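Structural characterization, general
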Amino acid sequence: MALKRFMTLPRHILEGEKAHPEATGELSSILLQLGLAAKLISLEVNKAGLANIIGFTGQENVHGEQVKKLDIFAHEMLIKAMDHGGHFCVMASEEEEDIIHLPPNKKIGKYVLLFDPLDGSSNIDANISIGTIFSIYKRISPGNGPGNLEDCLQQGYKQEVAGYIVYGSSTIFVYTAGHGVYGFTLDPAFGEFLLSHDNIRIPKSGRIYSLNEGNYFSWPKGLKDYIKYLQANYYNGKPYQARYVGSMVADIHRTLLYGGIFIYPGDRRNPKGKLRLCYECNPMAFIVEAAGGRATDGKERILDKKPESLHERSPIYIGSEDDVLLVEKFLRESREAY
Ligand code: P6P
């Protein structure tokens, strides 16, 4: 994808704000801060591989600083970057059991931030791509004081902004405010995100299916039938391809660009699957739908599901519209559950 000459993330955000006269500039400021946090996390993630080589003890680095686990580092970095702009009334993170309140002396805002600071971090030692996922809502609790749990348990269709950063061969920042999906590649030479994926549209169907086939025997029967169907048929005259990174952000980023389907199903052992509804499934579903795709739990639209708890899981079938519709048909028409 050709880089747009110097359309930087800040310029794109500010131009987006100008296109919406009602915009207060708050979401722009939030996105700019997230871009800063992304750069700092990217720096740390890319350095991590060296941690064991250049004498980092894993406890203290050469500067005598404590070397934190990367996901804790990312979690703390995001909070530090986002807790003083006066934009949020409450936050929630995959790394914290409870909701996160702003420090007492900080201005309270009208937005809510949910995030998975570093998804797939167990892959970092194998140098496999990992990612940060974020989701922004407007508060629904009354008043101007601290937000509450209900602010964090909103249905996904109410999101204002959703995005992810994938730390791979490049660091790419992808976001949507519901009107188009935009990707920016970090140019390490001068530390700026440059527009590289302008208005991403997911193909209506694709040749790639992505799920952990190690769980095959626990799958619902309809899913087994669907995968067997793909393996017995062709896509535009070529066999279907199985691709599975095991890192949700990487698998969904590829699905967004190339088309196809990513699945983390509920199964006999884990009926709700593994991925978290509030800060993994919802933001990814918001992005994929904004790019023209589809995301359900096999039956219900992800973005319509009402979360009952902060860390609840949901099965997810997400990607090209035709592919998700087809697996839903197999699931609906199969007689047995498993
Ligand atoms: P499995 C990474 O640990 C993660 O949370 C997601 O990023 C990824 O899609 C999934 O788990 C992989 O899970 O069970 O296939 O290893």
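Please read all numbers here as calculations on a predicted model, not as lab measurements. (Residues numbered from 1 in each chain as written. Predicted model: local features only at pLDDT ≥ 70, side-chain atom pairs only at ≥ 80, totals over all residues. Heavy atoms only, no water.)

**Section: the nonpolar core**
For the record, the criterion: Note on terminology: a nonpolar core comprises buried Ala, Val, Leu, Ile, Met, Phe, Trp, Tyr and Cys residues joined through side-chain atoms within 4.5 Å. A 1.4 Å probe rolled over the protein chains alone gives each residue an accessible area, and that area as a share of the maximum for its type sets the label: buried under 20%, exposed over 50%, partly exposed in between. Residues are treated as being in contact if the distance between any of their heavy atoms lies within 4.5 Å.
Ranked by internal contacts, the top residues of the largest apolar core, which has 41 residues, are Leu-34, Ile-41, Met-91, Phe-134, Phe-173 and Tyr-175. Other than its neighbours up to four places away in sequence, Tyr-175 contacts Leu-9, His-12, Ile-13, Leu-31, Phe-134, Val-161, Ala-162, Gly-163, Gly-180, Val-181, Tyr-182 and Phe-184. Membership of the second largest hydrophobic core comes to 30 residues, among which are Ile-202, Tyr-264, Leu-277 and Ile-287.

**A closer look at helix H5 (residues 221-232)**
Condition: Numbering of helices and strands runs from the N terminus, with a helix taken as a DSSP run of H or I at least four residues long and a strand as a DSSP run of E at least two residues long. For a helix, the expected span equals 1.5 Å multiplied by the number of residues minus one.
For H5, built from twelve residues, the straight-helix expectation of 16 Å at 1.5 Å per residue is met to within 8% by its first-to-last C-alpha distance of 16 Å. Residues of H5 that are buried include every one of Gly-222, Leu-223, Lys-224, Tyr-226, Ile-227 and Leu-230, and no others. Elements that come into contact with the buried residues of H5 comprise strand E8 (208-210), strand E12 (261-264), strand E14 (316-319) and helix H8 (321-333).

**Some thoughts on the sheet that holds strand E7 (residues 192-197)**
So the rule is basically this: Only when DSSP finds a minimum of two bridges between them are two strands counted as paired. All axes here are fitted lines through C-alpha atoms, helices being fitted over the stretch that makes contact, and every angle between N-to-C directions spans 0 to 180 degrees.
Across the sheet, which stays open at both edges, the seven strands sit in the order E1-E2-E3-E4-E5-E6-E7 with mixed pairing between neighbours. What marks the edges here is a single partner per strand, and that holds for strand E1 (88-93) and E7. If you compare each strand with its neighbour and ignore which way they point, the axes differ by 20° on average. As judged from the five bridges shared by strand E5 (residues 171-176) and strand E6 (residues 181-187), these two strands associate in the antiparallel manner. Opposite Ile-172, over in E6, you have Thr-185 as the bridge partner. Contacting strand E2 (111-119), strand E3 (130-138), strand E4 (161-167), E5, E6 and E7, helix H6 (residues 248-258) runs over the sheet at an angle of about 105° to E4. Along the sheet face, helix H7 (residues 277-290) touches E2, E3, E4, E5 and E6 and points at about 85° away from the line of E3.

**Concerning the site of the ligand**
Going by this rule: Proximity criterion: a residue is near a molecule or strand once any of its heavy atoms comes within 4 Å of it. Any pair of nitrogen or oxygen atoms within 3.5 Å is treated as a polar contact; in protein, a donor-acceptor pairing is required on top of that, and neighbouring residues in sequence qualify only through side-chain atoms on both sides. In this description, accessible areas are obtained by the Shrake-Rupley approach with a 1.4 Å probe, and a residue is regarded as covered only by the protein chains that are shown. Residues are grouped as follows: nonpolar covers Ala, Val, Leu, Ile, Met, Phe, Trp, Tyr, Cys and Pro; charged covers Asp, Glu, Lys and Arg; every other residue, Gly included, is treated as polar.
The local shell around the ligand consists of Asp-119, Gly-120, Asn-212, Tyr-244, Gly-246, Ser-247, Met-248, Phe-262, Tyr-264, Lys-274 and Leu-275. In this structure, an oxygen atom belonging to the ligand sits 2.5 Å away from a side-chain N or O atom of Tyr-244. For the ligand, an oxygen atom lies 2.6 Å from a polar atom in the side chain of Tyr-264. Computed on the free molecule, the ligand has an accessible area of 400 Å², of which 79% lies beneath the protein chains in the complex. Looking at side-chain class alone, the shell around the ligand contains five nonpolar, four polar and two charged residues.

**Some details on the side chain of Asp-119**
With respect to the secondary-structure elements, Asp-119 resides in strand E2. Sequence-distant contacts of Asp-119, that is, excluding residues within four places in its chain, are made with Ile-130, Gly-131, Ile-133, Ser-247, Met-248, Val-249 and Glu-280.

**What to know about the sheet that holds strand E11 (residues 241-242)**
One open sheet holds the five strands; their spatial order is E11-E8-E12-E14-E13, and the pairing between them is mixed. The outermost strands of the open sheet, each flanked by one partner alone, are E11 and strand E13 (294-296). Sheet topology places E8 next to E12; two bridges connect them, and they run parallel. Bridge pairing in E12 links Ser-210 to Phe-262.

**Topic: the pattern of salt bridges**
Threshold: Salt bridges are defined as contacts in which a side-chain nitrogen from Lys or Arg sits within 4 Å of a carboxyl oxygen from Asp or Glu.
According to the stated counting rule, one finds 17 salt bridges in the structure shown. For Asp-225, the salt bridge goes to Lys-221, with nearest N and O atoms at 2.7 Å. With Asp-225 and Lys-221 both in helix H5 and four residues apart, this pair spans about one turn of that helix. Among the residues examined, Lys-221 registers a relative accessible area of 23% and is labelled partly exposed. When the shortest N-O distance is used, the salt bridge between Arg-301 and Asp-304 registers 2.9 Å. What you see here is one network of salt bridges that share partners, running through Lys-204, Glu-321 and Asp-322.

**A word on a nonpolar patch on the surface**
Basically, it comes down to this: To count toward a patch, a residue needs a relative accessible area over 30% and no salt bridge; like charges are then connected within 9 Å, while nonpolar side chains (Val, Leu, Ile, Met, Phe, Trp, Tyr) are connected within 5 Å.
Taken together, the side chains of Leu-36, Leu-40 and Leu-43 present a nonpolar region at the surface, about 270 Å² in accessible area. Among the structural elements, Leu-36 can be located in helix H2 (residues 26-51).

**With respect to H6**
For H6, the buried fraction is high: nine of the eleven residues fall into the buried class. Every buried residue of H6 is accounted for by Met-248, Val-249, Ala-250, Asp-251, Ile-252, His-253, Arg-254, Thr-255 and Leu-256.

**Section: the packing of aromatic side chains**
Using the following cut-off: Within 6.5 Å between ring centres, the rings of Phe, Tyr and Trp (the latter by its six-membered ring) count as paired, and their orientation is classed by plane angle as stacked under 30 degrees, edge-to-face over 60, tilted in between.
For the structure on display, the rule yields twelve aromatic pairs. An angle of 45° between the planes, with centres 5.4 Å apart, marks the rings of Tyr-229 and Phe-330 as tilted. A residue pair is termed long-range when its members are at least 10 positions apart, and Tyr-229 in helix H5 and Phe-330 in helix H8 qualify at 101 residues. Since its relative accessible area comes to 34%, Tyr-229 is described here as partly exposed.

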